[in-house]
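A look at the structure
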Amino acid sequence: MRIQNSLCIIRARLAAVAAVTALALFGSPAMAAAPESAPESAPATYVGEKACLQCHEPANKHFGHTLHAKVFRLNPKNDTERQVCEACHGPGSKHVSKVDDKNFIISFTREWGTPIEKQNTQCLQCHKGGQRLHWPGSTHASNKLGCSDCHNPMANASAKGLLKKASISETCYTCHQQQRAEFKKRSHMPVPEGKMSCEDCHNPHGSTTKPLLKADSVNEVCYPCHAEKRGPFLWEHAPVRENCINCHSPHGSNHDKLLVSSRPQLCQQCHSPSVGHPGQFFRNDQTAASALIGGAQSARVIGRSCQNCHTQIHGSNHPSGARFQR
Amino acid sequence: MSRLSDPSRTLGPNNLNRTGRRANMKARIRSRLKILTLCVGAAVVQLAAAAAQADTGVGVDTVLGNALNPGTGNTMRDRDPAGLSGQPQTRRTPTGQLYELPYLPVTPKATESGWTYSGSVEAGVLGGDANEKNATFRMYKDLDNGLYLNNFEVEAEKADEARFVEAVGGGVGRNDQYFGVEFGRYNDWKVEAFYNETPHVFTSTYRSLWSGLGTDNLTLNALTPGGTTSAAVTGPNIVNALAATENSELSLVRKKGGVRYDTNLSDAWKFFGSYSNEKREGARPFAAVFGGGGGGGNVEIPESIDYNTHDLLAGLRYSDSLTSLNLQVAASLFRNNIDTMTFDNPLFITTNTIAGVPATTFTQGRYDLYPDNDYYNAKGEYARALPDFYSGRFTAVASLSRLRQNDNLIPPSMYPLTGGTINGVSTADNWNTTAALSKSSADAEINIRLLDLGLALNPTDALNVKGKVRYYETKNSTEYWACNPLTGQWGRLLNDGSGGNFPIPNATAGNNPVGTLNTAYNAAGCNLAATQALGLVPSAGNGGIRNIPFDYKQFNYTLGADYRVSTASSLNATFEREEYEREYRERDKTWEDKLKLGYTNRGIEDGTVRASYERTNRRGSEYHPDPYDPFFSTSLGPLPTATGTNVASWIHIMDSFRKFDLADRDQNILNARFNYMVATDLDVGVALQYKDARYPDSAYGRNDRQKQNSLSLDLNYQPSAEVAVYGFYSYQASRMHQTGLQANACVIGTTYNFLSNGAVQTTALTAAQIAAGITIVSTTTVTAADFLAVCGAASDTSPLYPTSRTWDVTSEDRNDTLGMGLRYDFGKAKLDLNYTYSTSRTQISYGYNAAALGLTAAQEALIGSGMPDLEFKQQILDASLLVPISKAAATRLFYRYEKGTIRDWHYDGVAQNPVPATNAVYLDAGPQDYKASVVGLFLQVAF
């Protein structure tokens, strides 16, 4: 193994020398390389993909099938992309000369130890802006996550996004186990069923909101799938209009309809008027089962509870719908 | 120029001459054959890009998949024992979590045209309990016994032109099917199109009395609309009809398709545009009430769903070394193809408010279902690096949105109401016309504005400071007055005419001049000022006369700092003040101060720790329990003063009640996560969250302590390419408490006696009470001068809110989730097992004073100390055994076991007792236990 590594390194150096020579004779000024015997203080220079592959062919076996490889090799648009390996890992001349020095090449694993800021800056040189415009200072950035904490661009583990796990949700679950458990509750968003992912509501790369929402407010996140509740309605329900999660738990709940609490108790946390039933004490002798053994049923307890009458609870457009009954 | 002499050139096939390319082609073919041989029986389903439409920044539809293919592709492919680096050691993320060993890549087939391709399909048959109808089993998936095309994918590429095509699909023909295609040119442009169906089964135990589910007209199958003879006769008729009715399903299916185009206009500019259309059809649980205040009768009905939503999105993105800019416009048009839904009414209705109209009139009810609405948004995001100013960065976001809805309004009733009167005014043809409305269409609109400005600076290499100001405003311009121009009557005809809420001049002697007619308000002709000028006390204070256009402004001010203590550790602190200014709510203004401290250390030997603590305090301006006077009948005239007037309706709620979204709140949130590399092939993680909120000023409403604590453990073991094991356990416990008070009464001039057992009465002690030793501990007489204070406050001596009638509820949740999985490659076969076990319990306990609430001993025996526990347990086992049968084919034996048990007291007894009282009909027996074993035999073919 030691002899093999040494041969690998020798081949890499020869390739690097060849690259440097060729560049000196034929290459562009922007790619001008310092000779191998240049002082150590001189910046590293690009050695070319072929030099990298002398030692890293196993990595190329997988990398070659990824989107980065396709882009870099088949349709690069600028000099950075044309470097292929060195587009991400930085110029490799010093790495070739001293492979064990971790300061001479950028790597994205814990073992190598390149500072997170340096890793992320390298990715962001191509990937900044757009969906990642709010990355600096975002929650994930503040927690010192590296891009490679979620992504593995060296292999196709996922269908899209070059994620480290097979899916968006599984990638998020590696840190957000609580939410994974919440999706297993009695009522939940269809994430485990493959119909939604965390990214339908959240932008993990940063947003203007603290929970990394993909829109300007909670409600504007919910409306794309629940457009019928967007209204506005003739008769509005205050907690609905302001924030869906006043009543709903966005990931999962032990209660029906992802409600944060059982009905009618949830409604009674806001409603206890002087007249009528909302402030009444609702209890176990009012179920349909209790009615069979002497209890007195209540439509506020059975089934849909308050929504047995106040069915249009998100808002009503009926001229008489102030109490959401039509 | 050969490759060797110009290594700066990319290693695409175009860089070689023809001879070289041919030689390489032969070498590649030999290599492919070798790989295929090695991959005997490997499931060669390439992980084609499942072409969903959205990116992380905008849009939904980020994943295509279903329950049997949850966006993961085929996880039974061969893994590469050499890993990514050729070293046996598996690499780790910066946090320390193991990367998965990569799949052995597939070598595509070549064609003469230069295209290379690969693909696979998996199809077979499902059996066993795949046709289980239980709603929980089928909630978001659609399985059935019989032939099943589980998934397919195709990838093709023309390397010399950098072109590609990918297509995926699965669940073909089922209600959870999905398809996606993506094509384009790498690093240039691409088009993505998708079609995705998502079922949602709400219940499978619904006994429907109607035909026409899913349409705008529900007609009774076997019952007479409007009931028969009387409610006492009609009830048993309904019971008999239900006994002959099978359970059915209420569900809907979302069918969504879309297309998106992305292109690089230049190295710095990108454009994207997309369109999607979602159709939702089906029916979901709904209900209807007749009469007013629920007194006439209620029946569960299905709501017909037939929605179309069109979404358009377009954007430009710019980025260079200093500046980033995102511009986007969006439009979303929701269309409900069922504006109104009419349903036959099986109940015999007893009306209130309206006199002279027989109960049998109300053979039908009519809903004005969700209206069409439009949403428009324009948004700009800007970021600018400031390298010469403390290495800073400036960001600005501006967004404008409009929500608009202008559906035609429907008349309050479809009935002519001939022969009827409301407070002496004929109803004949006065309520079945849009002329009865103050406007003919909704003209509802909300405008939203957002401005977000941020500046981050790095005064030193180790220190980052940032500040942000965020302004978000909604403005609701919807206005509707509930007054009938034809009659001048303020108020609302309820529930198709079976009830009403109409404020009229108060009839209690002494409130208004002698001889004041019930119709006195009507003469003002819906002119509010003229009505108020009459100076007549209204009959009640809680009749709604105007909509409430809720809107708010939100301000966030944030100051934060991040300090790098060492190469791998850092501290951060953030202070944020969040202010709300709300219109027409109990508090004009609330403000919440949030202080958050965080610590990250990735340099712990073999470990990473992340922890944060957040303390928030919310306070606000003075709390007004009743800010709603302008919208209710109390604003029509002065307060009542006459003895004998029931004034309870002038008091909205007790003054110590606090709505939780506005209430004072102190909250602590602690988050911590520790990842540890136990061994080179094993990593573990532990995460906990402690969340504790108190409502210090809330005597009633959600109050006391609200807690949610979570603990999660997980491990990941990857000893080799042949074996992988994972496991996780999550625990969550939460608590919520609330206090309520069952209102009593408040009549001017009445003396209320407060008894030693908590009861309140207006009469003297009875002999039985005296014999029981009950005494009168205090009395309160309500006067015109003090009724608002005396009855508006909850106290021991409040006639309306006596604290003896207080009740409280504590809800405590406990959730446990256990999961584990095993992947094992025997060499000639592969096994993949995944198991989850979830259990949850919600205990609802309550406290109350039975005597104060007038409850008998018999009632107390049934009431007990709480509701039966809500319980949910679910086990899911997925097992697959993959056996290769040739180089390009394999069989997969699939087994899925699901077991669910659920207890929900809302549905206790409904199946046996669907009509537990006259005119109360419940048709949904709720979620049921289930057990299902699904077996499948699939053939995987690669090409």
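Residues numbered from 1 in each chain as written. Chains lettered and ligands numbered in written order. Predicted model: local features only at pLDDT ≥ 70, side-chain atom pairs only at ≥ 80, totals over all residues. Heavy atoms only, no water.

Observations regarding the overall build of chain B
A tally of regular secondary structure across chain B gives six helices and 42 strands. Overall size of chain B, expressed as C-alpha extent along the three principal axes, is 115 × 70 × 60 Å. The proportion of buried residues among the 943 residues of chain B is 54%. Accessible surface computed for chain B: about 36,700 Å², of which carbon and sulfur atoms make up 56%. Across chain B, the 85 positively charged side chains and the 96 negatively charged ones have centroids separated by 7 Å. (Helix = DSSP H or I, 4+ residues; strand = E, 2+ residues; numbered from the N terminus. Buried < 20%, exposed > 50% of the residue type's maximum accessible area, 1.4 Å probe, protein only. Areas by Shrake-Rupley, 256 points an atom, 1.4 Å probe, with all protein chains shown as cover. Lys, Arg positive; Asp, Glu negative; His and termini not counted. Charge placed at Lys NZ, Arg CZ, Asp CG, Glu CD.)

Focus: the pattern of salt bridges
Counted according to the given criterion, the structure contains 69 salt bridges over all chains. The closest approach of N and O atoms between Arg186(A) and Asp904(B), which form a salt bridge, is 2.8 Å. You can see Arg186(A) sitting in the loop between helix H10 (177–182) and strand S1 (187–188) and its partner Asp904(B) sitting in the loop between strand S40 (889–903) and strand S41 (920–921), one on each of two chains. Exposure remark for Arg186(A): the relative accessible area of 9% places this residue in the buried category. A relative accessible area of 8% places Asp904(B) in the buried class. Between Glu161(B) and Lys158(B) there is a salt bridge whose closest N-O contact spans 3.2 Å. By sharing partners, the salt bridges in this structure join Glu228(A), Lys229(A), Arg254(B), Glu278(B), Arg280(B), Arg284(B) and Glu303(B) into a single network. (Salt bridge = Lys/Arg side-chain N within 4 Å of Asp/Glu carboxyl O.)

Here's the deal with the UniProt feature "domain: Cytochrome c-type protein NrfB-like" (unreviewed entry) in chain A
Per the UniProt entry, the sites bearing "domain: Cytochrome c-type protein NrfB-like" (unreviewed entry) are residues 85–156 of chain A in this numbering. Secondary structure across residues 85–156 of chain A comprises 36% helix and 0% strand; the distance between its end C-alpha atoms is 16 Å. (UniProt positions renumbered as here; feature names shortened; annotations may be inferred.)

A look at the state of the cysteines
All names here are of chain B. Taken as a whole and judged by the stated rule, the model has two disulfides over all chains. Shown here is the disulfide that connects Cys483 with Cys526, its sulfur atoms set 1.9 Å apart. Disulfide Cys483-Cys526: torsion about the S-S bond near -90°, hence left-handed. Separated by 43 residues along the polypeptide, Cys483 in strand S22 (residues 483–484) and Cys526 in the loop between strand S25 (499–501) and helix H3 (528–533) bring together distant segments of the chain. On the basis of relative accessible area, Cys483 is assigned to the buried category, the value being 4%. Residue Cys526 is classed as partly exposed on the basis of its relative accessible area of 23%. Residue Cys746 pairs covalently with Cys791 via a disulfide, S to S 2.0 Å. On the sign convention where negative means left-handed, the S-S torsion of about 85° between Cys746 and Cys791 marks this disulfide as right-handed. With Cys746 in the loop between strand S33 (723–741) and strand S34 (751–755) and Cys791 in helix H5 (residues 787–792), this residue pair connects regions lying 45 residues apart in the sequence. Both residues of the pair, Cys746 and Cys791, count as buried. (Disulfide = S-S within 2.5 Å.)

Observations concerning the nonpolar core
Side chains of a nonpolar character, in soluble globular proteins, are inclined to be buried together. Residue and element names in this part refer to chain B. Among the nonpolar cores identified, the biggest contains 36 residues, and Leu209, Trp210, Ile238, Ile301, Met341, Tyr367 and Leu417 are the most heavily contacted of them. Residue assignment for this core shows that the elements contributing at least two residues are strand S8 (217–220), helix H2 (231–243), strand S10 (269–290), strand S11 (297–319) and strand S13 (340–344). Sort the elements by how many residues they give to this core and S10 lands first, with four residues. The contacts of Ile301, once residues within four sequence positions are left out, are Tyr206, Trp210, Arg284, Pro285, Phe286, Ala287, Ala288, Met341, Phe343 and Tyr367. In terms of nonpolar packing, the next biggest core, distinct from the first, is built from 22 residues, Ile651, Met654, Cys791 and Leu800 among them. (Core = buried A, V, L, I, M, F, W, Y, C linked by side-chain atoms within 4.5 Å. Contact = heavy atoms within 4.5 Å.)

What about the packing of helix H2 (residues 49–63) of chain A against helix H3 (residues 67–74) of chain A?
Residues and elements named next belong to chain A. For the pair H2 and H3, interaxial distance at closest approach is 12 Å and the crossing angle is 140°. Judged by the inter-axis angle, H2 sits oblique to H3. Seen from above, H2 lies across H3 with left-handed handedness. Residues Glu49, Asn60 and Phe63 of H2 pack against His68, Ala69, Phe72 and Arg73 of H3. Grouping the constituent residues of the contact of H2 with H3 by class yields three nonpolar, two polar and two charged. (Axes fitted to C-alpha atoms, helices over the stretch in contact; angles between N-to-C directions. Parallel < 35°, antiparallel > 145°, perpendicular 65-115°, else oblique. Left-handed = near helix turned anticlockwise from the far one by under 90°. Nonpolar A, V, L, I, M, F, W, Y, C, P; charged D, E, K, R; others polar.)

Focus: the UniProt feature "domain: Doubled CXXCH motif" (unreviewed entry) in chain A
All names here are of chain A. UniProt tags residues 188–230 and 237–273 as "domain: Doubled CXXCH motif" (unreviewed entry). Here residues 188–230 is 12% helix and 2% strand, with 21 Å between the C-alpha atoms at its ends. The distance from the first to the last C-alpha atom of residues 237–273 is 16 Å, and the span holds 24% helix and 5% strand.

A closer look at the interface of chain B and chain A
If you look at the interface, chain B gives 235 residues, while chain A gives 170 residues. Summed over both partners, the interface of chain B with chain A comes to about 16,700 Å²; 53% of that surface belongs to carbon and sulfur atoms. When the area that chain B buries against chain A is broken down by residue, the three leading residues are Thr56(B), Tyr370(B) and Leu862(B), summing to 5%. Along the contact surface separating chain B from chain A lie 14 salt bridges. (Buried area = accessible area lost by both parts, 1.4 Å probe.)

Topic: the sheet that holds strand S18 (residues 421–422) of chain B
Working definition: the strands of a sheet are paired by backbone hydrogen bonds and lie parallel or antiparallel to each other. Residues and elements named next belong to chain B. Taken together, the three strands give an open sheet; going across it, the order is S14-S18-S19, and neighbouring strands pair in antiparallel fashion. A strand with exactly one partner marks an edge of an open sheet, and here the two such strands are strand S14 (354–355) and strand S19 (425–426). One ladder, built from two bridges, connects S18 with S19; its direction is antiparallel. Within the sheet, the bridge partner assigned to Thr421 lies in S19 and is Ser426. (Pairing = 2+ DSSP bridges.)

Side note on unusual backbone geometry
As a rule of thumb, non-glycine residues mostly have phi less than zero, and peptide bonds are mostly trans rather than cis. All names here are of chain A. With an omega dihedral of 0°, the bond running from Gly231 to Pro232 counts as a cis peptide bond. Positionally, Pro232 belongs in the loop between helix H11 (218–222) and helix H12 (238–242). Phi is positive for Ser305, which is not a glycine, with a value near 55°. Its location among the elements puts Ser305 in the segment after helix H14 (288–291).

Observations regarding the environment of Asn131(B)
Residues and elements named next belong to chain B. Along the chain, Asn131 turns up in the loop between strand S2 (115–128) and strand S3 (146–158). Take Asn131: its relative accessible area is 34%, and that puts it in the partly exposed class. Taking the C-alpha atoms as reference points, Asn131 and Ala932, separated by 801 residues in sequence, lie 9.0 Å from one another. With residues near it in sequence (within four places) discarded, Asn131 still touches Leu143, Asp144 and Asn145.

Points about the side chain of Glu81(A)
One can find Glu81(A) in helix H4 (residues 79–82). One buried charged side chain, Glu81(A), makes no salt bridge at all; its nearest oppositely charged neighbour is Lys77(A), positioned 6.9 Å away. For Glu81(A), the side chain forms a polar contact with the main-chain nitrogen of Lys77(A), separated by 2.7 Å. If we ignore the near neighbours within four places in the chain, the residues touching Glu81(A) are Val71(A), Phe72(A), Asn75(A), Pro76(A), Ala87(A) and Asn187(B). (Polar contact = N/O pair within 3.5 Å; in protein donor to acceptor, adjacent residues only side chain to side chain.)

Structural notes on the packing of aromatic side chains
The final tally for this structure, using the stated rule, is 32 aromatic pairs over all chains. An aromatic cluster is present here, built from Phe281(A), Trp807(B), Tyr846(B) and Tyr848(B) joined pairwise through their rings. Across from the ring centre of Phe137(B), 4.3 Å away, lies the NZ or CZ of Lys141(B), which sits over that ring. (Phe/Tyr/Trp six-rings, centres within 6.5 Å; stacked < 30°, edge-to-face > 60°. Lys NZ or Arg CZ within 6 Å of the ring centre and 35° of its normal.)

Observations concerning H3(A)
Here H3(A) lies mainly inside the structure; seven of its eight residues are buried. What H3(A) keeps buried is the set His68(A), Ala69(A), Lys70(A), Val71(A), Phe72(A), Arg73(A) and Leu74(A). Check the buried side of H3(A) and you find it contacts H2, H4, helix H5 (85–89) and helix H7 (116–127) of chain A together with S3 of chain B.

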